[in-house]
Amino acid sequence: MCEFDHVLISSVDKLLDEDKELFENEGTNKVASERCIAHRLANYIEEKLNKSKDKMNLNYKVDCEYNRFNGCYKLLKVREENKSRVYPDIIVHKRGQQDGNLAWIELKIFNSSHCTEKTIKEDKEKIKLVTGGTCEISYKLGYFILFRREEAKTIYTIEKKVSSAEWEKISE
């Protein structure tokens, strides 16, 4: 595992510890929105990166739904149609630079109306495109996080994109 894998895992753990009420549904299937959860997770990632800046030699920004690239919208062809605007859940990058983008993170909340096989596939396809080296938008690392409730507690799985066709579970 790389250093950022540890940052991400510890950030998710802190999210579940510090913000567990976002996942508690009090007898319904309602949990906080994906955007809300992504924002809190991004805060913890940035906090951990800032603490380990010297160790990792990093100077990254952590943004949610950052849709800019070269002063324009980020565009990707994810479906069988023309390129469309994309809004990554979380990115770790250097704003305004073409290189040095570290991580593209997509997440889904199981039991949410936005969590379907189709949306999971589309999120993973976005990650595949931006980490594959064939796209003008390029990130070194790609992650997909699935949060789900089991026996009154929230658990998660983090998958890391390791090749064009392979995903590796780094946490479960």
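From a predicted model like this one, the values you see are computed outputs, not experimental measurements.

Another point: the sheet that holds strand 7 (residues 103-109). Two pairing modes exist for strands in a sheet, parallel and antiparallel, and in both the strands are linked by backbone hydrogen bonds. Taking strand neighbours across the sheet as the criterion, the six strands line up as 1-6-7-8-9-10 in an open arrangement whose pairing is mixed. Since the sheet does not close on itself, it has two edges, and those belong to strand 1 (61-64) and strand 10 (167-171), each with one partner. Averaged over neighbouring strand pairs, the angle between their axes works out to 25° when direction is ignored. Pairing geometry for strand 9 (residues 153-161) and strand 10, over four bridges, is antiparallel. For E159, the partnering residue across the bridge sits in strand 10 and is K169. Against the sheet, helix 4 (residues 117-131) makes contact with strand 7, strand 8 (141-150), strand 9 and strand 10, and its axis sits at roughly 175° relative to strand 7, the strand it touches most.

Moving on: the packing of helix 1 (residues 3-18) against helix 2 (residues 34-51). The contact between helix 1 and helix 2 brings their axes to 9 Å, and the two run at 130°. Classified by the interaxial angle, the pair formed by helix 1 and helix 2 is oblique. The element helix 1 and its partner helix 2 pack so that their crossing is right-handed. Here helix 1 contributes F4, V7, L8, S10, S11, V12, K14, L15 and E18 to the contact with helix 2, which in turn contributes I37, R40, L41, Y44, I45, E47, K48 and L49. Taken together, the residues of the contact of helix 1 with helix 2 break down into ten nonpolar, two polar and five charged.

What follows concerns helix 2. Residue pairs spaced three or four apart in an α-helix point in one direction, given the helix's 3.6 residues per turn. Given a rise of 1.5 Å per residue, 18 residues ought to cover 26 Å, and the 26 Å separating the end C-alpha atoms of helix 2 matches this to within 8%. Buried within helix 2 we find E34, I37, A38, L41, A42, Y44, I45 and L49.

We now examine the side chain of N101. Along the chain, the position of N101 falls in the loop between strand 6 (90-93) and strand 7. At 3.2 Å, the side chain of N101 forms a polar contact with the backbone oxygen of S138. Those residues within four positions of N101 in sequence are excluded, and the remaining contacts are V92, H93, K94, S138, Y139 and K140.

Looking now at the pairing of strand 9. Counting buried positions along strand 9 yields seven of nine residues, so the element is predominantly enclosed. Summarising the sheet, strand 8 and strand 9 pair through eight bridges and their orientation is antiparallel. Within strand 9, the position partnered with F147 by the bridge is Y156. The hairpin turn running from strand 8 into strand 9, its antiparallel successor, is two residues long, and E151 in that turn takes a positive phi close to 50°. In sequence, strand 9 turns back onto strand 10 through a hairpin of five residues.

The next subject is the confidence of the model for the chain. The predicted coordinates ought not to be read in detail in places where the model reports low pLDDT. Predicted confidence across the chain gives a mean pLDDT of 81, with 80% of residues reaching 70 or more. Highest mean pLDDT in the chain belongs to helix 1 (94); lowest belongs to strand 3 (residues 72-73) (51).

Before going further, it helps to examine the nonpolar core. Soluble globular proteins tend to bury their nonpolar side chains together. Counting residues in hydrophobic clusters, the biggest one holds 33 residues, and the most contacted among them are F4, I45, I145 and F147. Contributing elements (two or more residues each) for this core: helix 1, helix 2, strand 6, strand 7, strand 8 and strand 9. Those residues in contact with I45 that sit more than four places away from it in its chain are F4, V7, L8, S11, V62, I90, V92 and I105. Counting residues in each nonpolar core, the second largest holds eleven residues, with V86, C115, I120 and F144 among its members.

This part is about the packing of aromatic side chains. For any two aromatic rings, the description comes down to two numbers: the centre-to-centre distance and the angle of the planes. Across all of its chains, the model carries four aromatic pairs by this definition. On the basis of an interplanar angle of 50° and a centroid distance of 5.7 Å, the ring pair of F4 and Y143 is categorised as tilted. Separated by 139 residues along the polypeptide, F4 in helix 1 and Y143 in strand 8 bring together distant segments of the chain. Across the pair, exposure class does not vary: F4 and Y143 are buried alike. Judged by centre distance (5.3 Å) and plane angle (80°), the ring pair of W104 and Y139 falls under edge-to-face.

Rules and cut-offs
- Residues numbered from 1 in each chain as written.
- Predicted model: local features only at pLDDT ≥ 70, side-chain atom pairs only at ≥ 80, totals over all residues.
- Heavy atoms only, no water.
- Pairing = 2+ DSSP bridges.
- Helix = DSSP H or I, 4+ residues; strand = E, 2+ residues; numbered from the N terminus.
- Axes fitted to C-alpha atoms, helices over the stretch in contact; angles between N-to-C directions.
- Contact = heavy atoms within 4.5 Å.
- Parallel < 35°, antiparallel > 145°, perpendicular 65-115°, else oblique.
- Left-handed = near helix turned anticlockwise from the far one by under 90°.
- Nonpolar A, V, L, I, M, F, W, Y, C, P; charged D, E, K, R; others polar.
- Expected span 1.5 Å × (residues − 1).
- Buried < 20%, exposed > 50% of the residue type's maximum accessible area, 1.4 Å probe, protein only.
- Polar contact = N/O pair within 3.5 Å; in protein donor to acceptor, adjacent residues only side chain to side chain.
- pLDDT = per-residue confidence, 0-100.
- Core = buried A, V, L, I, M, F, W, Y, C linked by side-chain atoms within 4.5 Å.
- Phe/Tyr/Trp six-rings, centres within 6.5 Å; stacked < 30°, edge-to-face > 60°.

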